[in-house]
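# Observations on the three-dimensional arrangement
Chain by chain, the residues:
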There are 2 protein chains.
Amino acid sequence: MSTRPQHAPMTQFDVVDDELQVGGIALSRLAQRVGQTPFYAYDRARMSARVALLRRHLPQQVHLHYAMKANPMPAVVQHMAGLVDGLDIASGGELSVALDTTMDPGRISFAGPGKSDAEIARAVAAGVVLNLESESEMERAAMAGTRLGIRPRAAVRVNPDFELKSSGMKMGGGPKQFGVDAERVPAMLDRMRALDLAFEGFHIFTGSQNLKASALQEAHQNTFELAYRLAQHAPAPLNTLNIGGGFGVPYFPGEQPLDLAAVGENLESLMPEAAVRLPGTRIVVELGRYLVAEAGVYVCRVVDRKVSRGQVFLVTDGGLHHHLSASGNFGQVIRKNYPVAIGNRVVGTERELVSVVGPLCTPLDLLADQMELARADVGDLVAVFQSGAYGLTASPAAFLSHPGALEVLV
Amino acid sequence: MSTRPQHAPMTQFDVVDDELQVGGIALSRLAQRVGQTPFYAYDRARMSARVALLRRHLPQQVHLHYAMKANPMPAVVQHMAGLVDGLDIASGGELSVALDTTMDPGRISFAGPGKSDAEIARAVAAGVVLNLESESEMERAAMAGTRLGIRPRAAVRVNPDFELKSSGMKMGGGPKQFGVDAERVPAMLDRMRALDLAFEGFHIFTGSQNLKASALQEAHQNTFELAYRLAQHAPAPLNTLNIGGGFGVPYFPGEQPLDLAAVGENLESLMPEAAVRLPGTRIVVELGRYLVAEAGVYVCRVVDRKVSRGQVFLVTDGGLHHHLSASGNFGQVIRKNYPVAIGNRVVGTERELVSVVGPLCTPLDLLADQMELARADVGDLVAVFQSGAYGLTASPAAFLSHPGALEVLV
């Protein structure tokens, strides 16, 4: 038995007759229906189940937002808008997609450094909440409101004075381009009183892709403490306290799923004090990856099978131009394999050690490095799991001018 | 004086009144002409000068090809097609752009693992040279030729039995998805005699982005030796021997430009023997990055200036969604800064240590990390040098649904 770290079991999709089922459809049948490989398939039932799981574990009074940057496919956003309590957007482009849903614009919040004047004006006109990233952005928002004759809804994004430990990506603590340093927020709120802005609350986001419940628990504790301190300086009671997200999913060998129950219990324990110190404030948890990553699979087809000096290479029609993260080239210091299977032959009758590569003329184009998979041949389908977030839109689609990938929601 | 490693001097563009000139146009004027930031600007005179430099240093009989994957902008490809002796393509998409030039299709070669049947058929119909990446691709090429009634032109891409040392990216040696292992090529050539294929020659490509002349010299020596050995098994004399490229450009602090004269002198010394052992064979050097990287600059505008806990951040309207490599997230293990300047104030009256970031909600969106630049404010232009290759097309343009960058050739 291997003692090497293993991937967490990928049990989110059924396997029937050794074939992966996505949205209840056998993968090879789905490929026929899509009409081409490569494609991304997102399973709407998996997304619904994930939201239900969160509703079970998080305190009843916590509102759930979908951060659509994780997967902005309009069909996915439409589906999520029917499940969650709000949407979080990061650009004017995402604003357009969000406004095409039935979500109340007051439940849409817009974060991101470097918002353009045009984006701010559109957001104000739409009535969405601006998460202010700097004092100068606050001034620009107020000017936009005056120009448009609409009072902007504005929350302050706070760069906290603590860090989220063990996080895949730190978004707060220390010097950052995100938000306003916590210690400068009181002065900013003072200035806000003189401006024609509707104060909405705070956005305190510390980091993303965290698999340690204890780190999230500590961050939540610190977040509420910081919010209580800052609320004393607020020009009005907080409508909303967005405590961010950062719930991770297991990608790599050795990673275990987040203990959601532990995160929920801790949040539950924080609710009584929050009800007293922030009465009437909506507590928002904002999740992107955690809601959609596990519901998605990237599918490509083997076009050549090569043996080079003893190593087997499956050359596919998909690669880093569609799925940069799976190739290990997006914010990863050490390349590790995503969970991968031969989708139409999950277990197979024979197993072998192979590398799965794409069609690009670069050694970076690697979907699986020396992984044990069912023996595959030309025409078989390679499935990359955990691909529902930061997949297609986070990839250099035009690289080497190869055909694009399609996306389907099933 | 700082003893930290410095960037190689960026002298390819003139500076007039402390403002960068690209294509002879002041950068702020060029930005007005483009009509938006961010944009990439490529200077055609710099590309022409680079080709002239190569013609001076490489042996007169060496043919120069442009590997258009480095920059497939059609205007750039048109310009290069008028300067070089051939084009190298990596996909059906690139084939289309290449065929829109006046380049003789027989001087266009198509490399890349995982070519589709449709791509092979188009290439055969066009009369371009297929660089065969595997035995099975050879069979598919022959079948395409039979189907179309056209004799395919086919070279064998060889995975050499040596490595290019000190290379940014190894493309040959050891087990690889590229080409056919050198030791298997004789058998493949035997089989080729039975197929209706026009044998073109060999493509032996060992690696890319190499700054050490001695490593390239050694690889060239080995490449010719290997070609001589394999030529004995060839079904016909070689029309072409493509010895690859791999000439690097300095990106990061401490890197020095390649000693092109030394590379050229060594190649010169190899020519007499080549003329005897491969009479009538065209020797091709295939370059992408080296021809265009230094001719390009990426330009974005400062939209916010923030100070967070003592660090200055210039937030721009450009970022990793346009220029993934400059953000340090494309095949780089340790992030290092590209050379960057404030384009409309190169030296400035005041200097400061700043970080240049983009508008994306991720700490990965970093164009310059704690670099000394002229003091800049909102509206100023940030210029990222060495951006003419693997820029826009190698970036995740759809990430977070922000506006795209434009490209201009001036």
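In this text, all values refer to a predicted model and were calculated from it rather than measured experimentally.

### Regarding the domain arrangement of chain A
All names here are of chain A. Domain boundaries in chain A define domain 1 (15–42 + 293–409) and domain 2 (104–287). A straight line from the C-alpha centre of domain 1 to that of domain 2 covers 36 Å. Each partner contributes residues to the interface: domain 1 has eight residues there, and domain 2 has five residues. Surface buried jointly by domain 1 and domain 2 totals about 640 Å² across both partners, of which 66% is contributed by carbon and sulfur atoms. It is Lys336, Tyr338 and Gln386 in domain 1 that bury the most area against domain 2; as a group they hold 48% of the surface buried on that side. Taken together, the links from domain 1 to domain 2 amount to zero salt bridges. For the interface between domain 1 and domain 2, the tally reads one residue pair in polar contact (both at pLDDT 80 or more). Across the side of domain 1 that touches domain 2, the residue classes tally to three nonpolar, three polar and two charged.

### Looking at the packing of helix 6 (residues 135–148) of chain B against helix 7 (residues 185–193) of chain B
All names here are of chain B. As a packed pair, helix 6 and helix 7 sit with axes 11 Å apart at the nearest point and diverge in direction by 15°. Between helix 6 and helix 7, the interaxial angle falls into the category roughly parallel. Where helix 6 crosses over helix 7, the two elements pack in a sense that is right-handed. Contacts between helix 6 and helix 7 involve Glu135, Met138 and Glu139 from the first element and Met188, Arg191 and Met192 from the second. Class assignment for the residues of the contact of helix 6 with helix 7 results in three nonpolar, no polar and three charged.

### A few points about a nonpolar patch on the surface
On the surface, a cluster of nonpolar side chains totalling about 450 Å² of accessible area is made up of Val333 and Ile334 of chain A together with Val333 and Ile334 of chain B. For Val333 of chain B, the position within the fold is in the loop between helix 11 (324–327) and strand 18 (340–342). For Val333 of chain B, a relative accessible area of 58% gives the class exposed.

### Digging into the pairing of strand 6 (residues 86–89) of chain A
Residue and element names in this part refer to chain A. Where burial is concerned, the two faces of strand 6 agree: the one with Gly86 and Asp88 and the one with Leu87 and Ile89 are both buried. For the crossover that starts at strand 5 (residues 62–67), traverses helix 3 (residues 74–81) and ends in the parallel strand 6, the hand is right-handed. In the sheet, strand 6 pairs with strand 7 (residues 108–110) via three bridges, with the strands oriented parallel. Paired with Asp88 across the two strands is Ser109, which belongs to strand 7. Note on the crossover from strand 6 through helix 4 (residues 92–99) to strand 7: the handedness is right-handed.

### Brief notes about the interface of chain A and chain B
Contacts between chain A and chain B engage 69 residues on the former and 69 residues on the latter. At the boundary of chain A with chain B, total buried surface from both sides reaches about 5200 Å², with 58% on carbon and sulfur atoms. By the criterion of area lost to chain B, the three top residues of chain A are Gln177, Arg309 and Cys361 of chain A, representing 15% of everything that side buries. Seen at the junction of chain A and chain B, the total is two salt bridges. Here chain A and chain B share 35 residue pairs in polar contact (both at pLDDT 80 or more) between them. At the level of secondary structure, the elements contributing two or more residues to the side of chain A that touches chain B comprise helix 4, helix 6 (135–148), strand 9 (153–159), strand 10 (169–170), strand 16 (296–308) and strand 17 (311–316) of chain A. Sorting elements by how many residues they give to the side of chain A that touches chain B places strand 16 of chain A first, with five residues. The class makeup of the residues in the side of chain A that touches chain B is 31 nonpolar, 21 polar and 17 charged.

### A word on the packing of helix 5 (residues 117–126) of chain A against helix 6 of chain A
Residues and elements named next belong to chain A. With their axes 9 Å apart at the nearest point, helix 5 and helix 6 run at an angle of 55° to one another. Accordingly, the angle class assigned to the pair helix 5 and helix 6 is oblique. Helix 5 and helix 6 meet at a crossing whose hand is right-handed. Contacts from Asp117, Ile120, Ala121, Val124 and Ala125 of helix 5 reach helix 6 at Glu137, Arg140, Ala141, Ala144, Gly145 and Leu148. In terms of residue class, the contact of helix 5 with helix 6 is made up of seven nonpolar, one polar and three charged.

### What to know about the pairing of strand 16 of chain A
Two faces, one strand: in a regular strand the side chains alternate between the faces of the sheet. Residue and element names in this part refer to chain A. Of all 13 residues in strand 16, 10 are buried; the element is thus mostly enclosed. Of the strand pairs in this sheet, strand 4 (residues 39–42) and strand 16 are connected by four bridges, and their pairing is antiparallel. Looking at strand 16, one finds that Phe39 is bridged to Val299. The sheet contact formed by strand 16 and strand 21 (residues 381–384) spans four bridges and is antiparallel. Paired with Val299 across the two strands is Ala383, which belongs to strand 21. When strand 16 meets strand 17, the two strands line up antiparallel, connected through six bridges. Looking at strand 17, one finds that Arg305 is bridged to Leu314. The loop that links strand 16 with its antiparallel partner strand 17 comprises two residues; one of these, Arg309, has a positive phi angle of about 45°.

### Comments concerning the sheet that holds strand 2 (residues 19–22) of chain B
Strand order across the open sheet formed by three strands is 1-2-3 (chain B), with antiparallel pairing between neighbours. If you trace the sheet from one side to the other, it starts and ends with strand 1 (15–16) and strand 3 (25–26) of chain B, each paired once.

### Describing the side chain of Glu119 of chain B
With respect to the helices, strands and loops of the structure, Glu119 of chain B is situated in helix 5 (residues 117–126). For Glu119 of chain B, which is buried and forms no salt bridge, the nearest opposite charge comes from Arg122 of chain B, at a distance of 6.8 Å. Polar side-chain contacts of Glu119 of chain B include one of 3.0 Å to the backbone nitrogen of Ser116 of chain B. Ignoring any residue separated from it by four or fewer positions in sequence, one finds Glu119 of chain B in contact with His402 of chain A together with Ser91, Gly92, Phe110 and Gly114 of chain B.

### What to know about the packing of aromatic side chains
For the structure on display, the rule yields 22 aromatic pairs over all chains. An angle of 75° between the planes, with centres 5.5 Å apart, marks the rings of Phe247 of chain A and Tyr290 of chain A as edge-to-face. Linking Phe247 of chain A in the loop between strand 14 (240–242) and helix 9 (260–277) with Tyr290 of chain A in helix 10 (residues 289–292), this pair joins segments that are 43 residues apart in sequence. Residues Phe247 of chain A and Tyr290 of chain A agree in their burial class; the two are buried. Relative to Tyr338 of chain B, the ring of Phe252 of chain B has its centre 5.7 Å away and its plane inclined at 70°; by these criteria the two rings are edge-to-face. Taken together, the residues span a long stretch of sequence, with Phe252 of chain B in the loop between strand 14 (240–242) and helix 9 (260–277) and Tyr338 of chain B in the loop between helix 11 and strand 18 at a distance of 86 residues. Of the two residues examined, Phe252 of chain B and Tyr338 of chain B, each falls in the buried class. An aromatic cluster of three or more residues is present, and its members are Tyr40, Tyr42 and Tyr298 of chain A. Note that Arg50 of chain B overlies the ring of Tyr290 of chain B, its terminal NZ or CZ placed 4.2 Å from the centroid.

### Overview of the pattern of salt bridges
Residue and element names in this part refer to chain B. If you walk through the whole model with that rule in mind, you get 42 salt bridges over all chains. A salt bridge links Arg305 to Glu352; its shortest N-O distance comes to 2.7 Å. In this pair, Arg305 is assigned in strand 16 (residues 296–308) and Glu352 in strand 19 (residues 351–357), connecting sequence segments 47 residues apart. Residue Arg305 shares its accessibility class with Glu352, and that shared class is buried. Put simply, Arg375 and Asp377 hold a salt bridge, and the shortest N to O gap is 3.7 Å.

Conventions and cut-offs
- Residues numbered from 1 in each chain as written.
- Chains lettered and ligands numbered in written order.
- Predicted model: local features only at pLDDT ≥ 70, side-chain atom pairs only at ≥ 80, totals over all residues.
- Heavy atoms only, no water.
- Domains from an automatic or database assignment.
- Contact = heavy atoms within 4.5 Å.
- Buried area = accessible area lost by both parts, 1.4 Å probe.
- Salt bridge = Lys/Arg side-chain N within 4 Å of Asp/Glu carboxyl O.
- Polar contact = N/O pair within 3.5 Å; in protein donor to acceptor, adjacent residues only side chain to side chain.
- Nonpolar A, V, L, I, M, F, W, Y, C, P; charged D, E, K, R; others polar.
- Axes fitted to C-alpha atoms, helices over the stretch in contact; angles between N-to-C directions.
- Helix = DSSP H or I, 4+ residues; strand = E, 2+ residues; numbered from the N terminus.
- Parallel < 35°, antiparallel > 145°, perpendicular 65-115°, else oblique.
- Left-handed = near helix turned anticlockwise from the far one by under 90°.
- Patch = residues over 30% accessible without salt bridge, like charges linked within 9 Å, V, L, I, M, F, W, Y side chains within 5 Å.
- Areas by Shrake-Rupley, 256 points an atom, 1.4 Å probe, with all protein chains shown as cover.
- Buried < 20%, exposed > 50% of the residue type's maximum accessible area, 1.4 Å probe, protein only.
- Right-handed = clockwise from strand over helix to strand, strands pointing away.
- Pairing = 2+ DSSP bridges.
- Lys, Arg positive; Asp, Glu negative; His and termini not counted.
- Phe/Tyr/Trp six-rings, centres within 6.5 Å; stacked < 30°, edge-to-face > 60°.
- Lys NZ or Arg CZ within 6 Å of the ring centre and 35° of its normal.

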